Amino acid sequence: MSEGFKDPGARHGRHLVVLSGAGISAESGLRTFRAEDGLWEEHRLEDIATPQAFRRDPQQVRRARPNAAHKALAELEQHGFRVSVITQNIDDLHERAGSREVVHLHGEILKARSSVDYGLRYPLPRGGIRLGDLCDKGSQLRPDVVWFGEAVPLYAVAEEIAAEADLLLIVGTSLKVMPASNLYAAAPLDAPIVLVDPNADELAEPGVLPLAESAGQAVPRLVRHWLYQGHLGLPDTL
Ligand code: NAD
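Conventions and cut-offs
- Residues numbered from 1 in each chain as written.
- Predicted model: local features only at pLDDT ≥ 70, side-chain atom pairs only at ≥ 80, totals over all residues.
- Heavy atoms only, no water.
- Pairing = 2+ DSSP bridges.
- Helix = DSSP H or I, 4+ residues; strand = E, 2+ residues; numbered from the N terminus.
- Axes fitted to C-alpha atoms, helices over the stretch in contact; angles between N-to-C directions.
- Core = buried A, V, L, I, M, F, W, Y, C linked by side-chain atoms within 4.5 Å.
- Buried < 20%, exposed > 50% of the residue type's maximum accessible area, 1.4 Å probe, protein only.
- Contact = heavy atoms within 4.5 Å.
- Polar contact = N/O pair within 3.5 Å; in protein donor to acceptor, adjacent residues only side chain to side chain.
- Salt bridge = Lys/Arg side-chain N within 4 Å of Asp/Glu carboxyl O.

S.K.: Give a description of the sheet that holds strand β2 (residues 82-87) that names residues and reports values.
M.R.: Spatial ordering of the open sheet is given by β3-β2-β1-β7-β8-β9, a layout of 6 strands whose pairing is parallel. The open sheet has two edge strands, β3 (102-104) and β9 (209-211), and neither has a second partner. Shown here is a sheet whose adjacent strand axes are inclined to one another by a mean of 20 degrees, direction ignored. When strand β7 (residues 167-171) meets strand β8 (residues 193-196), the two strands line up parallel, connected through 4 bridges. Opposite Leu 168, over in β8, you have Ile 193 as the bridge partner.

So this is what it looks like as structure tokens:
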């Protein structure tokens, strides 16, 4: 546990903005890319971040269950805090835990979308997407997943949300994927930024408070503290 960080104290509001990455779903059994046991340790990039590879993954996501971190964030929202989740994850575990405001920067594996209109999105057809499955505008459906090299259409929305944060909580991301890795720069200067990740001490940029623990340990503890306090002030010791 990191010690000695004081709450910068400028904001004691109730709008939590969360930036989550693959690590928040690790304790639900979905593997990350870059952790020691992550997918990139044993697979080539093109084997897992391509259209073909994603065809295999929906079943795994459907079987996974939200863990204590997803649930704690939803609980905070149920108690009257605004909790805006911006996730790099393509799973739906935040929603299944009960979070209502979730922006999927990199899309959703359980959805299909039009190849001409980003806004036209549909539940994934049974058996996956086939050639000839069309959107309402007559173009081929494709997985609703942003692949390497593609634009991230929701990034501007995410920046607007981050700019309203009373506290930015970054959870389980190596902060290696642009542009999500820059999102913290959009947070107000006086909003504390906390990074929960077992490798937080190495990953945290200056000005980011590292909390080197798993999401399932740290997030519920922070949420309990915020619920007790009634606002997003940080404990004296993280
Ligand atoms: P990443 O794999 O680059 O980094 C994962 C981070 O999670 C690491 O820093 C690791 O230390 C941390 N981590 C591991 N276990 C943790 C735990 N129990 N609690 C907290 N943190 C933990 O992931 P990324 O930064 O999200 O970027 C990878 C890209 O791959 C993203 O676009 C993401 O959407 C995608 N991806 C998504 C899923 C998913 O939807 N569940 C899974 C794998 C990869």
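S.K.: Quick rundown of the nonpolar core? Include the residues and the values.
M.R.: Leu 16, Leu 169, Val 194 and Trp 226 are the most contacted members of the largest nonpolar core, which totals 27 residues. Sort the elements by how many residues they give to this core and helix α8 (residues 215-229) lands first, with 6 residues. Residue contacts for Trp 226: discarding those within four places in its chain leaves Leu 16, Leu 76, Phe 81, Leu 167, Leu 169, His 231, Leu 232, Gly 233 and Leu 234. If you look at the next biggest cluster of nonpolar residues, it comprises 23 residues, including Ile 86, Leu 105, Ala 162 and Leu 183.

S.K.: Which residues make up the side chain of His 94, and what values do they have?
M.R.: Locating His 94 in the fold gives a position in helix α5 (residues 93-97). For His 94, a relative accessible area of 1% gives the class buried. A distance of 2.9 Å separates a polar atom in the side chain of His 94 from a polar atom in the side chain of Ser 20. Each residue touching His 94, except ones within four places of it in the same chain, is listed here: Ser 20, Ile 24, His 70, Leu 73, Val 85, Thr 87, Ser 99 and Val 102.

S.K.: Residue-level account of the side chain of Asp 166, with values.
M.R.: With respect to the helices and strands, Asp 166 occurs in the loop between α6 (155-162) and β7. Under the relative-accessibility criterion, Asp 166 is labelled buried at 15%. A distance of 3.1 Å separates a polar side-chain atom of Asp 166 from the backbone nitrogen of Arg 14.

S.K.: So what's going on with the sheet that holds strand β4 (residues 107-114)? Which residues, and what values?
M.R.: Strand order in the open sheet made by the 3 strands is β5-β4-β6, with antiparallel pairing throughout. Looking at strand neighbours, the two that pair on one side only are β5 (121-123) and β6 (141-145), the edges of this open sheet. Neighbouring strand axes in the sheet, compared pairwise and without regard to direction, differ in orientation by 45 degrees on average. Examined bridge by bridge, β4 and β5 share 3 bridges and lie antiparallel to one another. The residue bridging Ala 112 from the neighbouring strand is Tyr 122, located in β5.

S.K.: Describe the pattern of salt bridges, and please don't skip the residues or the numbers.
M.R.: All chains considered together, the criterion is met by 11 salt bridges. Among the salt bridges present, the one from Glu 164 reaches Arg 82, with a minimum N-O distance of 3.2 Å. One end of the pair, Glu 164, is in the loop between α6 and β7; the other, Arg 82, is in strand β2, with 82 residues separating them in the sequence. On the basis of relative accessible area, Glu 164 is assigned to the partly exposed category, the value being 44%. With relative accessibility at 35%, the residue Arg 82 sits in the partly exposed group. Asp 144 is the partner of Arg 113 in a salt bridge, and the nearest nitrogen-oxygen pair spans 3.5 Å. Of this pair, Arg 113 sits in strand β4 while Asp 144 sits in strand β6, and the two are 31 residues apart along the sequence. Arg 113 sits in the buried class, given a relative accessible area of 9%. One salt-bridge network, held together by shared partners, links Glu 108, Lys 111, Arg 113, Arg 121 and Asp 144.

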